[in-house]
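Spelled out, the chains give:
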Amino acid sequence: MDDNIKIHLIDGTYELFRAHFSQPPRLAPDGMPVSAIRGFVQSILNLINSHNVTHIAVAFDSDIPSFRNEIFSSYKDGSDTPEDLKLQFPLAERAVEALGITCWPMLEYEADDILASAAVKFSRKPEVSQVIICSPDKDLCQVVKGNSIVCLLRKDNLVLNQVEVEKKYGFPPSSIPDYLALVGDAADGIPGISRWGAKSTSSLIGRYITIDNIPDDYRLWDVSVRGAANLSKSLESSRMDAKLFKELATLVKDIEIAQSVEDLEWLGADSVLFPKLCEELGITNLINVCRKWQSQG
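Note that the structure is a prediction, hence the values are computed from the model and not measured.

Enquirer: Requested: an account of unusual backbone geometry, with residues and values cited.
Expert: Here the phi dihedral of Asn 52 falls at roughly 50 degrees; this positive angle occurs in a residue that is not glycine. With respect to the helices and strands, the residue Asn 52 is situated in the loop between α2 (35–51) and β2 (55–61). Of the residues examined, Asn 52 reaches a relative accessible area of 55% and is grouped as exposed. Despite not being glycine, Ile 209 shows a phi value in the positive range, around 70 degrees. With respect to the element layout, Ile 209 can be found in the loop between α9 (198–208) and α10 (228–236). Its relative accessible area of 32% is what places Ile 209 among the partly exposed residues.

Enquirer: Summarise the environment of Val 41; cite the residues concerned and give the values.
Expert: Looking at the element boundaries, Val 41 is found in helix α2. Each C-alpha atom, one on Val 41 and one on Asp 254, is 29 Å from the other, the two residues being 213 residues apart in sequence. Every residue in contact with Val 41, bar those within four places of it in the chain, is listed here: Ala 95, Phe 274 and Leu 286.

Enquirer: Mind laying out the nonpolar core, listing which residues take part and the relevant values?
Expert: Residues Leu 9, Trp 104, Phe 122, Trp 196, Ile 214 and Trp 221 are the most contacted members of the largest nonpolar core, which totals 58 residues. By residue number, the principal contributor to this core is helix α6 (residues 111–123), which donates seven residues. Discounting chain neighbours no more than four positions away, the residues touching Trp 104 are Leu 9, Ala 57, Val 58, Ala 59, Phe 60, Ile 114, Ala 118, Phe 122, Ile 257 and Gln 259. Counting 40 residues, the second largest nonpolar core, distinct from the first, contains Leu 16, Ile 56, Leu 85 and Cys 278.

Enquirer: A description of the sheet that holds strand β1 (residues 5–11) should follow, citing residues and the corresponding values.
Expert: With mixed pairing, the six strands of this open sheet are ordered in space as β3-β2-β1-β4-β5-β6. Whereas interior strands pair on both sides, the edge strands pair on one side only; in this sheet they are β3 (102–106) and β6 (158–160). When the angles between neighbouring strand axes are averaged without regard to direction, this sheet yields 25 degrees. The sheet contact formed by β2 and β3 spans five bridges and is parallel. Bridged to Val 58 within β3 is Cys 103.

Analysis parameters
Residues numbered from 1 in each chain as written. Predicted model: local features only at pLDDT ≥ 70, side-chain atom pairs only at ≥ 80, totals over all residues. Heavy atoms only, no water. Helix = DSSP H or I, 4+ residues; strand = E, 2+ residues; numbered from the N terminus. Buried < 20%, exposed > 50% of the residue type's maximum accessible area, 1.4 Å probe, protein only. Contact = heavy atoms within 4.5 Å. Core = buried A, V, L, I, M, F, W, Y, C linked by side-chain atoms within 4.5 Å. Pairing = 2+ DSSP bridges. Axes fitted to C-alpha atoms, helices over the stretch in contact; angles between N-to-C directions.

Below you can see the structure in the form of C-alpha cells.
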C-alpha cells in the first residue's frame, strides 16, 4: 500500500454557505433553488482536479443544533440560515454520494467534530503522510499537528501547519479553545468574556497556554497588556463562564469512524447517479468537469 497518502477532509457546511452567498440565484427545471449546490459541486470538483485528490470525505451539519445547544442555549442553532439554503443540504449530501465521495451527515455532533476525529484517527495511520482539513474555521486549527494535520484555506491557497498556526495566533493549536473562550466566536454564538480582545488574549494565552494557568492577580502576570487590572477583574468574575465557553469551543476528537483509509479512496463519480442528479438540478455543464468515473457492473 502507498505510504504517502494524503487525505482531504472537507467542511461541507462551509462550502455550501460560501457557494450560496457567492453564486447568483439559479433554479432547477422544477423551480428548486440550486445556486448553492451548483457552486458546491463545482468547488468540490475543482479541489479534486487542482490538488490531484486521491482520498477524500465531506462532513455536513445536517441538523444545525447539536449537543452544545443542550449545555448553552445561545449556541448557534441555524435559525438564521436562509430557507432556500436549508433546502439544498439534502441535495448536497446526494451530490457527494453521487460523486463517489464518503459523506458524513452529522446530527448529534457538528461537522467540525467529525472532521477533527477523522483527522486524529487517520493521521495515526502509517500509510498516511498528511491529513488536510479544507476549512477556514479557526476552530479546526486546534487539531493541527506538525505537518501531519494541516488546515487548507482554499480561498487564499494557504496551508496552516503547526508553525504557521503559532505564527498566526501567537500560541499553539491546543490553545485555540482557550482563546475562543475569552474573545468569543460570533459565528458559533459564544459571547466570550467582557473586555477580552484579540490582542490582549493572544498575549496572555501565548504566555500561559491555558486560561487556568493565568494568575488570579494581574500583578503576577509577567506579560504587559493594556487594561490588565480590568481584564483580571472581568476574568475572575467569569471563570465559570470561561470554562463553559472553552468546553463549547473544544472539538470532539474521538467520534467512532467506521471508514478505513481505503474506504476514503476516490474511485470516481458514479456514472449513472451523478449525471442524473446534474440533469435533475439543471447543472449538466458540470458533468464533464468530473475527471474520473467509477466503472459500473
